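Residue-level structure breakdown
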Amino acid sequence: MNARPLGLLGLLFPSLLLSTAQASGDAISFDGTDDHVALGALDPGTEFTFETWTQGTYTTGTSLYHTIFEAVDPTTARNEFYLGYVRDLWQIEIVDATGSEGDGCRSDAADHLCYTDLPPDSEDLVHLALTYRDGDAYFYINGELVVSGTASTPPTWGSAEWIVGMDSDTAGTVTSDPFNGTMDEVRIWSTARTQAQIQCTMPWALTGTEANVYGLWNGSGSGTTLSDATGANDGLLVGGASLVASPFDLDISLGGDVTCFDYDQDGWSVDDGDCDDTDASAYPGATDTWYDGVDSDCDGANDYDQDGDGFEVDEDCDDTDPGIKPGATDTWYDGVDQDCDGANDYDQDGDGYEVDEDCDDTDAGINPGATDTWYDGVDSDCDGANDYDQDGDGYEVDEDCDDTDADINPGATEIWYDGVDQDCDGASDYDADGDGYDSDLYGGTDCDDAVASVNPGATEIEADGIDQDCDGVDGGVDTDGDGLDDDDEVVIGTDPTDPDSDDDGLEDGDEVDLGTDPLDP
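Notes on the structure in this doc start here. (Residues numbered from 1 in each chain as written. Predicted model: local features only at pLDDT ≥ 70, side-chain atom pairs only at ≥ 80, totals over all residues. Heavy atoms only, no water.)

1. Describing the pattern of salt bridges
Should their charged atoms come close, side chains of opposite charge can pair. How we decide: What counts as a salt bridge is simple: a side-chain nitrogen of Lys or Arg found within 4 Å of a carboxyl oxygen of Asp or Glu. The numbering of helices and of strands both runs from the N terminus, where a helix is a DSSP run of H or I of at least 4 residues and a strand a run of E of at least 2. Exposure classes here rest on a 1.4 Å probe applied to the protein chains alone. A residue is buried below 20% of its type maximum, exposed above 50%, and partly exposed in between.
By the definition in use, this model includes 4 salt bridges. One salt bridge in this structure joins E51 and R187, with 3.6 Å as the shortest N-O distance. A residue pair is termed long-range when its members are at least 10 positions apart, and E51 in strand 3 (residues 48-56) and R187 in strand 12 (residues 180-189) qualify at 136 residues. R187 matches E51 in its accessibility class, with the two residues each being buried. Its salt-bridge partner being R193, residue E51 comes within 3.0 Å of it at the nearest N-O pair. With E51 in strand 3 and R193 in the loop between strand 12 and helix 4 (195-201), this residue pair connects regions lying 142 residues apart in the sequence. Each member of the pair, E51 together with R193, is buried. Here the salt bridges do not stand alone but share partners, grouping E51, E185, R187 and R193 into one network.

Here is the structure:
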């Protein structure tokens, strides 16, 4: 890559300093003697822009002239337009009446614009741009506006010949004020470009297909032909003008890749947010036609998701409302299917029962047709019954000893000896007198289960005719007259009704007194 100064150009376009892509490879070389390019008669219209990159050797002095370009009447040598470095300043002529460069600036004529500046150094790469519209002319150096003014008479192109690199001071000849150096990307646009537009394309070698490019001569051609990239106006290399390696290191556009350029002329470039710079109907702010697959307003939104809720129309049941979509939180009972599940909006739990008959419409396990799970605190079948009183007898399970039988509860009448604790008092159903001993009729030891004072643990009352301790005899009575009370005989095992239990001839009482065994004959 060729070195070049940073200067204003480097500050404005730092990417130029890093680029390794050159333009088409060649630039136009002028020897400062008789070299120039004849472009012929051109008519870019009532407004235009001229641009070029230059690297030249400028001499100073009041008699020295360096022509960049001119549009000249070949019969009168009067300039319709002229741009050059003349007598130590940049000069622009608009419909010059005298045919002499330099005099207008010195006399401050209305048809001249002048900008006093030191000439560029010979190694400087300088971009020049001149625009004209409605009588107003603007001159830019390296993308910066340096002078502007209003012309008294607008140019009329007619048969004016466009010449690059030399001036015609005499009708029919091109012999004056030559440019010494190289030029590249010589462009004529059929529009007056803005400063931003000029700055946009300065770093690029364009294709010639861009909108409003009237002519583009970028150093391609053969022999004495300088090709116009638009294909419309090839130029003629005159004198010794030739094509040489370009020193400008411009980025090569392949078409459509200059993101600051508005290719479709809709007022928006890619950098401005134009999402399709080949379609003039697509740009930020355009009216989007939904569901046609085209992001007309360049908002980046899915064209099949009008409400921008993340769900396309084929799955979103209302694509005009971002609050309605699959996955949204449904507001129940408002008649709107916010989550697009198609479910009944009055049956939140989806159990087939609407809220006016479902006692808990947030739980699908709770509805009039459900099986109730007792004692979980949930009225699963919506019958309104106490969930802790399964048999409905008015007693909850923590006090009802059998909550599956309505006849069994603390308030029920006990039926004795049926094995069922009807009144839930926890007592034995075979101990009617509640003395702690079951009836001997049902496997117990209580000989009278109707009297609590009669049981095996009671104290015997002698000779009252009642067997209080249920040992089978009445205490204090000697039924067989053997000298032993009946209850004592029960204790030692002798028969209280037989005085000689072992039939050995000695009564039981005597044997006890003698210390013999009344049960051993």
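That shown, we press on.
2. Details of a nonpolar patch on the surface
Worth spelling out the cut-off: Excluding any residue in a salt bridge, patches collect residues exceeding 30% relative accessible area, merging like charges within 9 Å and nonpolar Val, Leu, Ile, Met, Phe, Trp and Tyr side chains within 5 Å. Only the protein chains shown count as cover for residues, and the accessible areas themselves come from Shrake-Rupley with a 1.4 Å probe.
A cluster of nonpolar side chains, Y291, Y304 and V313, forms an exposed patch at the surface whose accessible area comes to about 230 Å². Note that Y291 resides in the loop between strand 19 (251-252) and helix 5 (486-492).

3. Quick word on the environment of V270
Put simply, the rule is: Throughout, a residue-residue contact means that at least one pair of heavy atoms, one from each residue, lies within 4.5 Å.
Tracing the sequence through the fold places V270 in the loop between strand 19 and helix 5. Remark: the alpha-carbon pair of V270 and S253, spanning 17 residues in sequence, is separated by 15 Å. Each residue touching V270, except ones within four places of it in the same chain, is listed here: T259, F261 and D277.

4. Some points on the nonpolar core
Operational definition: Side-chain atoms within 4.5 Å link the members of a nonpolar core, which is a set of buried Ala, Val, Leu, Ile, Met, Phe, Trp, Tyr and Cys residues.
In terms of nonpolar packing, the biggest core is built from 39 residues, with I68, F81, L83, W90, I92, F139 and W162 touching the most fellow members. For this core, the element with the most residues is strand 8 (residues 126-133), which contributes 4 residues. When residues no more than four places from it in sequence are discounted, the contact partners of L83 are F50, T67, I68, F69, W90, Q91, I92, L130 and F139. Counting residues in hydrophobic clusters, the runner-up holds 10 residues, among them L125, A205, F248 and L250.

5. Quick look at the packing of aromatic side chains
Note the following rule: The pairing test for Phe, Tyr and Trp rings, Trp by its six-membered ring, is centres within 6.5 Å, and the orientation test on the planes gives stacked under 30 degrees, edge-to-face over 60, and tilted for anything in between.
Under the definition given, this model contains 26 aromatic pairs. Centre to centre, the rings of F48 and W162 are 5.8 Å apart; their planes meet at 85°, and the pair counts as edge-to-face. Taken together, the residues span a long stretch of sequence, with F48 in strand 3 and W162 in strand 11 (residues 161-164) at a distance of 114 residues. Comparing F48 with W162 shows no difference in burial state: the two are buried. A centroid spacing of 6.4 Å and a plane angle of 50° characterise the contact between W290 and Y291, whose relative ring orientation is tilted.

6. Looking at the state of the cysteines
Formally: When two cysteine sulfur atoms lie within 2.5 Å, the pair is treated as a disulfide.
The tally for this structure, following the rule as stated, stands at 6 disulfides. With its sulfur 2.0 Å from that of its partner, C359 forms a disulfide with C382. In this structure the cystine formed by C359 and C382 twists about its S-S bond by roughly -80°; its chirality is therefore left-handed. Highlighted residues: C359 in the loop between strand 19 and helix 5 and C382 in the loop between strand 19 and helix 5, separated in sequence by 23 residues.

7. A closer look at the environment of A427
Residue placement: A427 occurs in the loop between strand 19 and helix 5. On the basis of relative accessible area, A427 is assigned to the partly exposed category, the value being 38%. Along the backbone, A427 and V186 are 241 residues apart, and their C-alpha atoms lie at a distance of 119 Å.

8. A few points about the pairing of strand 1 (residues 26-31)
Worth spelling out the cut-off: Paired strands, in this sense, are two strands between which DSSP finds at least two bridges.
Pairing geometry for strand 1 and strand 18 (residues 242-245), over 4 bridges, is antiparallel. Each residue of the ladder has a partner; that of I28, found in strand 18, is L243. Pairing of strand 1 with strand 12, which is carried by 4 bridges, proceeds in the antiparallel orientation. Paired with I28 across the strands is M183, a residue of strand 12.

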